[in-house]
Amino acid sequence: MARGGQGLARVAVVVRAGAAPLWWCGVLAAGIGLLLPGLTGRRIGVLAGTALFLVTAVVVAYWRRKRYDSLVRAAARASKHDVLQDRAVTVRNWRRGHRWWLLLAFAVAFGSGFAVPAAGGMLLAGAGVGLWWKAARLGRLERAGQALIWVRVDWLGPRAGAPVGKPVRAVRATGVAAGDAAPGGARRH
């Protein structure tokens, strides 16, 4: 980071990093929950889980939408001295920072299966889908503006997962060819 450059991570990659772990923890917890009769029975558990899945996906997808939009609109061009973090490093940092939270969320979702089968797992899976939707929306914004959106790594917080948290005062933009992730945070093919 010579000459005042900053380490930058893609906002869409940070958002998308939690989607797969939440989805798979949720699917696993829901699958195990279906094997348990639970207090409410499987039918009620699945119906409640479906409602929780849909509501959670929508809430997560729209959470802090205005903050994302305002930061993207005000994005400044990145300096030539800024260091762009690889997608794999960003994902690894997010997952390391959140591994205990993921484990706790899985344990709670699994435990809730004894009361309401599959509901807790479906809630977790809904959170993962909501993050995918949010990352896809960010990808559409990036394509429309022909610019990839980056945030300073030191502003992401101790768990490397708050791309629009309080410390984030601004984001930076680069051309769409920068970095190793496509618009929306997916791997570049």
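Predicted model, so just to flag it, every value in this text is computed and none were measured.

### Here's the deal with the confidence of the model for the chain
No. 1: The predicted model of the chain has a mean per-residue pLDDT of 89, with 97% of residues at 70 or higher.
No. 2: Within the chain, strand 3 (residues 83–84) has the poorest average pLDDT of any element, 87, and helix 3 (residues 42–62) the best, 94.

### Remarks on helix 4 (residues 65–73)
No. 1: Here helix 4 has its buried residues at Y68, D69, L71 and V72. Angular distribution of buried residues about the axis of helix 4 spans 165°; they occupy a single face of the element. Exposed residues pointing more than 90 degrees away from the buried face of helix 4 are listed as K66 and R73.
No. 2: Packed against the buried residues of helix 4 are helix 1 (11–17), helix 6 (119–145) and strand 4 (148–152).

### Regarding the side chain of T56
No. 1: With respect to the helices, strands and loops of the structure, T56 is situated in helix 3.
No. 2: A relative accessible area of 14% places T56 in the buried class.
No. 3: Setting aside anything within four residues of it in sequence, one finds T56 in contact with L123, G126 and A127.

### Details of the nonpolar core
No. 1: V11, V15, L138 and V171 are the most contacted members of the largest nonpolar core, which has 33 residues in total.
No. 2: Put simply, the parts of the chain that give this core at least two residues each are helix 1, helix 2 (19–35), helix 4, helix 5 (87–112), helix 6 and strand 4.
No. 3: The element contributing the most residues to this core is helix 1, with 6 residues.
No. 4: Once residues lying within four places of it in the same chain are set aside, the contact partners of V171 are V11, L71, V72, A75, A76, I149, W150 and V151.

Procedures and definitions
Residues numbered from 1 in each chain as written. Predicted model: local features only at pLDDT ≥ 70, side-chain atom pairs only at ≥ 80, totals over all residues. Heavy atoms only, no water. pLDDT = per-residue confidence, 0-100. Helix = DSSP H or I, 4+ residues; strand = E, 2+ residues; numbered from the N terminus. Buried < 20%, exposed > 50% of the residue type's maximum accessible area, 1.4 Å probe, protein only. Arc of directions from axis to C-beta. Contact = heavy atoms within 4.5 Å. Core = buried A, V, L, I, M, F, W, Y, C linked by side-chain atoms within 4.5 Å.

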